[in-house]
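Summary of structural features
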Amino acid sequence: MQLKKIAFAVAAMAAGFAAQAAGTVSIGGVAHNVVYLSGASAPDNFLADIAEGMMTGVTHYSASNYKAFAGSANGIPGVTNGTKVLFIKRSAGGSAFGVGPVARAQRVKTIDVTNCTSGAGTKASPFVCAITGADPGEANHALATNAGLVPDFGISDVEPAMFQEPYNTENDTAALSADEVARLSVQPVNQLMMGLAATNTLPASTHLSRAVYGAMLNGQVQTWDQVDPSLDGDVAVCRRSEGSGTQTSYNWFFGNFPCSANEFGSVAPARMSDSAGYKVAGSGTTADPYIIDASAGYTVIENASSGNVRSCLQAANDGTNYTFTTWDSEEQKNNTFRVNFAESGPKKAIGVVSLDSYTNAAGAKFSFRHIDGAGTYDYNSTTKTFSSSAGATGVAPSKANLLAGKYDFVVEVSAQSRNVAVTNEQGITIAPIAGLTKAVADEFVKRAGSPKFTGNFENTGTQVSTPDAFASLPQYYAGLTNAAGSAVNGSGVRFADLFVAKYTRNANTCAPLQFTGN
């Protein structure tokens, strides 16, 4: 049965409407202003907390890789308290969907709050809803009947200029032109660590340098004896699909793409089609997925989300089959694949995943590793503390090392919105972000970068689950003080030294970390 039947009045689908991207939704006969955020999953762990901080009487909705929150505005500068808002967040497809569709005012899939079949509408039990619309690259995307919505603003693991062809655009779409990039107003939000992730089948004593890890990602090293003569077996790589901000971060750090266009200046990442046992059987349907034979040799799996990467790592570690759906560049559509890890047996695999997955690592049978050394960096969910394995060397992906600039596999999460009117494929002119929509977006970005959400600083509400993956930026929070105006805690330690990075890339991933001080 349907628990909610909400009448969508999506004005963006009417020819005479050009004021905002998403329009309004009638919930219980009351119009709610829709604000649509699309892109990276980086803020998802504290998304509900931010929504509940900006609104009262919040009703929660969810779908796979989508969340939505309906309530009354509260404490948002420029918005009258009590104004009804429906805030939607899409994480499907990752960062790329927080860049291209924003600049091009393209309709993308969204959660369909008119079609919810279970749940109670609470944070613990949100209404579970269907997904509607078509994404760029999919059939019928450009039709006027596409029920998707245009994102008002986007969020990505790195800034829009990084999403370049041929490795960093989603569904083989064209990269943004210089003019399209100029349509976006961009600001860094916070810092996020990326990590070297490996299954538990790989001994903690294995030394992983930046060069070796990168060589496995790009297919130059395909067997574990090339990493350590005492190891055996073929390398498996659980990476993200093209267009993912996480994958883009790895393409930069390990392959220098797109930071150098010179010959030999960058290295291409290995693709799923580079797998030794790629498409040995099947037709790509749900009933008859394409088979990737992991026993044939080096294996690369392209995953549509961080959750899929974790599932891939767990399947490789356990030697169980892994079925997933992802973009197939050969056929220019989404297809279903199955990796036969059950036939190959447990594999030693590496992954492409950011540190905000640290609370999920143990359950997914992988660990984050020290860079340029050996050792695991493990999270204890009971004590909420980290520890390195015995005899660990190199640099741990710790928050202390992030703040001090010692761990440099770090990106600056970027938020962007349109600053000019854009006419999309449907012939609808979408105005630049303004008014209530801009006010809600600005407040969200401000809160997402705050030490309250990057470190639980003075957070008296629900605690953020992964504060050790993030840092606040020094250009915004240097000299951090508490509500009483003090810059130090009871032990005399500066708050800034606990929550604010000393180094920044100034929203330019290709730039080195530069000392600013906190």
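Each remark here, short or long, concerns the structure printed above.
Summary of the structure given here. (Residues numbered from 1 in each chain as written. Predicted model: local features only at pLDDT ≥ 70, side-chain atom pairs only at ≥ 80, totals over all residues. Heavy atoms only, no water.)

What about unusual backbone geometry?
- Cis geometry is adopted by the peptide bond preceding Pro166, which originates at Glu165 and carries an omega value of 0°.
- Relative to the helices and strands, Pro166 resides in the loop between β9 (153–156) and α3 (178–182).
- The peptide bond linking Phe257 to Pro258 adopts the cis configuration, its omega dihedral lying at 5°.
- Along the polypeptide, Pro258 turns up in the loop between α5 (245–255) and β13 (290–292).
- Although it is not a glycine, Asn256 sits at a positive phi angle of roughly 60°.
- Along the chain, the position of Asn256 falls in the loop between α5 and β13.
- Here the phi dihedral of Glu458 falls at roughly 50°; this positive angle occurs in a residue that is not glycine.
- Residue Glu458 is classed as partly exposed on the basis of its relative accessible area, which comes to 44%. (Helix = DSSP H or I, 4+ residues; strand = E, 2+ residues; numbered from the N terminus. Buried < 20%, exposed > 50% of the residue type's maximum accessible area, 1.4 Å probe, protein only.)

What about the packing of helix α4 (residues 210–217) against α5?
- In contact at an axis separation of 9 Å, α4 and α5 are set at 125° when each is read in the N-to-C sense. The pairing of α4 with α5 is recorded here as oblique in orientation. In this structure, α4 crosses over α5, and the sense of that crossing is left-handed. Between α4 and α5, the contacting residues are Arg210, Tyr213, Gly214 and Leu217 on the first element and Tyr250, Phe253 and Phe254 on the second. (Axes fitted to C-alpha atoms, helices over the stretch in contact; angles between N-to-C directions. Parallel < 35°, antiparallel > 145°, perpendicular 65-115°, else oblique. Left-handed = near helix turned anticlockwise from the far one by under 90°. Contact = heavy atoms within 4.5 Å.)

Describing the pairing of strand β21 (residues 385–388)
- In terms of strand pairing, strand β20 (residues 376–380) meets β21 through 4 bridges, oriented antiparallel. Bridging across to β21, Tyr379 finds its partner in Phe386.
- A loop of 4 residues connects β20 with β21, the two strands running antiparallel in sequence, and Lys384 in this loop sits at a positive phi of about 55°. (Pairing = 2+ DSSP bridges.)

Notes on helix α6 (residues 306–318)
- Between its first and last C-alpha, α6 extends 18 Å over 13 residues, near the 18 Å set by a 1.5 Å rise per residue.
- Following α6 by one or two positions, Gly319 has its phi on the positive side, about 70°. (Expected span 1.5 Å × (residues − 1).)

Looking at the state of the cysteines
- Summed over all chains, the structure comprises 3 disulfides.
- Residue Cys238 pairs covalently with Cys312 via a disulfide, S to S 2.1 Å. Its S-S torsion of approximately -70° makes the covalent link between Cys238 and Cys312 left-handed. Of the two residues, Cys238 sits in strand β12 (residues 236–240) while Cys312 sits in helix α6, which places them 74 residues apart along the sequence. Neither Cys238 nor Cys312 differs from the other in exposure class; each is buried.
- Counting its disulfide-bonded cysteines in sequence order, the protein shows a connectivity of 1-2, 3-5, 4-6. (Disulfide = S-S within 2.5 Å.)

Looking at the packing of helix α1 (residues 47–54) against helix α9 (residues 435–448)
- Contact pair α1 / α9: the axes reach a minimum separation of 11 Å and the direction vectors enclose 125°. In terms of orientation, α1 and α9 fall into the oblique class. Judged by the twist between their axes, the crossing of α1 over α9 is right-handed. Only Val440, Glu443, Phe444, Arg447 and Ala448 of α9 make contact with α1, whose side of the interface consists of Leu47, Ile50, Gly53 and Met54.

Some remarks on the pattern of salt bridges
- Taken as a whole and assessed by the stated rule, the structure comprises 17 salt bridges.
- In this structure, Glu331 engages Lys279 in a salt bridge whose closest nitrogen and oxygen atoms are separated by 3.5 Å. Of this pair, Glu331 sits in the loop between β15 (322–328) and β16 (333–339) while Lys279 sits in the loop between α5 and β13, placing them 52 residues apart in sequence.
- For the salt bridge of Lys333 with Glu331, the shortest nitrogen-to-oxygen distance reads 3.6 Å. (Salt bridge = Lys/Arg side-chain N within 4 Å of Asp/Glu carboxyl O.)

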